[in-house]
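What follows is the residue order along each chain.
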Amino acid sequence: MSTEKETHHRPKIGASLITSLIRILIVLTSILILSLLGHTIYEHFNYVQVQVSNIQKPKVPTASRASVSKAERGRNFVSDNWNYVDNNISIKIHKTQENSGKDMVTMFIADVTLSNINYLHTAFAKNEFGMHITQKLTTIAQDNNALFAVNGDYYGYRDNGVIVRNGVLYRDSPIRDMLTLFSDGTMSIIDEKIANVKQLLSKGLLDSFSFGPALVKSGQITGDFASVFRDQWFIQGLEPRTGVGFISPNHFVFVIVDGRKSYYSCGLTLKEFANEFLKLGCTQAYNLDGGGSSTLYFKGRIVNSRLGKSGNYERNISDIIYIDNPLSIQNHKQVPTVQKGGTQ
């Protein structure tokens, strides 16, 4: 009996032992698997972290208008009160004086080179096209976040001429030579009376200005300017001037001449003004609105002295030519509205 009992109980002891060993083996295997899995997860996330930390941050201004200094530190540029240069924009302004005594002439020359024409813009007073809609240049410049600006053709003083801005035809009443800027960065002077504006637009016409006269064409002064009549005034005498010249695609020269103040600046005649552009190497040059309108704006200040006056004196004008301030990311571009009655 005892032998039968021993034989009967031994299998139960063996089964229990095997079950325990299996449980232990399962536990050890689970621990090993979890350990390996944990190591793999750690290595994966550590790799991801290293890869993310090696990604370079985009080199764009991240500051708002109120914190320009942070944006400045994020750009590769050189700037002072007379110059601004980065990878896309070069603006170099210098003041020059000729003659002496009551015949002294003071002018400001801005040499502008752009990587493409998209950095050069135009703007209307109050962002609206129409007769007698005006603002001070400083106001228009600040509203459009301009780094650099000059007065345009004061189109709103008259109801004629061909006016195209940013590729949109606002007025088609041909009467004189117009200045044209194209999408390839070139500048031409074209007789409005024979121009096919639709064809010009199809060829990339961005802007046209109707004031004049043309000063230089194909590297030659266009005439003696003995009698030039504009807006009920003869403008060939000694006057303050604003003009733009073309050297090569996307390379322009803006010249602003102060005047009407003896011993500071008496102004220039149109022929003298044209000669200044020739000396600067321009093959094309065009006279914009002058007199009390002649204004040069740079980095928040008026650079020249309008009519020899200092302080805050500014004439209200219709439009400006300007370059965006690249140190700000403000999005100010809006489609101009048209004065009631449609284009003129």
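The paragraphs below set out a description of the structure included in this document.

About the criteria used
Residues numbered from 1 in each chain as written. Predicted model: local features only at pLDDT ≥ 70, side-chain atom pairs only at ≥ 80, totals over all residues. Heavy atoms only, no water. Helix = DSSP H or I, 4+ residues; strand = E, 2+ residues; numbered from the N terminus. Contact = heavy atoms within 4.5 Å. Areas by Shrake-Rupley, 256 points an atom, 1.4 Å probe, with all protein chains shown as cover. Pairing = 2+ DSSP bridges. Buried < 20%, exposed > 50% of the residue type's maximum accessible area, 1.4 Å probe, protein only. Arc of directions from axis to C-beta. Phe/Tyr/Trp six-rings, centres within 6.5 Å; stacked < 30°, edge-to-face > 60°. Polar contact = N/O pair within 3.5 Å; in protein donor to acceptor, adjacent residues only side chain to side chain. Salt bridge = Lys/Arg side-chain N within 4 Å of Asp/Glu carboxyl O.

The next subject is the overall build of the chain. Across its full length, the chain holds 5 helices and 25 strands. Considering only intrachain contacts with a sequence separation of at least 6, the fraction spanning at least 24 residues in the chain is 69%. Summing over all exposed atoms, the chain offers an accessible surface of approximately 18,300 Å²; the carbon and sulfur share of this is 54%.

To continue, consider the sheet that holds strand S5 (residues 120-124). Spatial ordering of the open sheet is given by S5-S24-S8-S21-S22, a layout of 5 strands whose pairing is antiparallel. Among the strands making up the open sheet, the edge pair consists of S5 and strand S22 (301-302). In terms of strand pairing, strand S21 (residues 296-298) meets S22 through 2 bridges, oriented antiparallel. The residue bridging Phe298 from the neighbouring strand is Arg301, located in S22.

Before going further, it helps to examine the environment of Ala146. On the secondary structure map, Ala146 appears in strand S8 (residues 146-151). Residue Ala146 is classed as buried on the basis of its relative accessible area, which comes to 6%. Excluding residues within four positions of it along the chain, Ala146 makes contact with Ala141, Tyr297, Tyr322, Ile323 and Asn325.

Let us now look at the pairing of strand S18 (residues 241-248). Most of S18 sits out of view: 6 of its 8 residues are buried. Where S18 and strand S19 (residues 251-257) come together, 7 bridges link them in antiparallel fashion. When the bridges of S19 are listed, Thr242 appears paired with Ile256. Bridge count for S18 against strand S20 (residues 284-288) is 5 bridges, and the pairing is antiparallel. By the bridge assignment, Thr242 is partnered in S20 with Leu288.

Three or more residues of helix H5 (residues 270-279) are buried, namely Leu270, Phe273, Ala274, Glu276 and Phe277. Buried residues in H5, looked at end-on, bunch into an arc of 150°, giving them a common side. Phi turns positive one or two residues past the end of H5, at Gly281, with a value near 90°.

Moving on: the packing of aromatic side chains. Counted under the stated rule, the structure contains 11 aromatic pairs. An angle of 5° between the planes, with centres 4.6 Å apart, marks the rings of Phe129 and Tyr155 as stacked. Of this pair, Phe129 sits in strand S6 (residues 128-129) while Tyr155 is found in the loop between S8 and strand S9 (161-165), placing the two residues 26 residues apart along the sequence. For Phe129, a relative accessible area of 0% translates into the label buried. Residue Tyr155 is classed as buried on the basis of its relative accessible area, which comes to 0%.

Turning our attention to the side chain of Ser318. Along the chain, the position of Ser318 falls in the loop between strand S23 (316-317) and strand S24 (319-324). At a separation of 3.2 Å, a polar atom in the side chain of Ser318 contacts the main-chain amide nitrogen of Gly156.

As a further point, take the pattern of salt bridges. One pass over the structure, following the stated rule, counts 6 salt bridges. Between Lys279 and Glu98 there is a salt bridge whose closest N-O contact spans 3.5 Å. Here Lys279 is found in helix H5, whereas its partner Glu98 is found in strand S3 (residues 89-98), with 181 residues between them in sequence. Here Asp153 makes a salt bridge to Arg165, at a shortest N to O gap of 3.0 Å. A residue pair is termed long-range when its members are at least 10 positions apart, and Asp153 in the loop between S8 and S9 and Arg165 in strand S9 qualify at 12 residues. Across this residue pair, the class does not change: Asp153 and Arg165 are buried.

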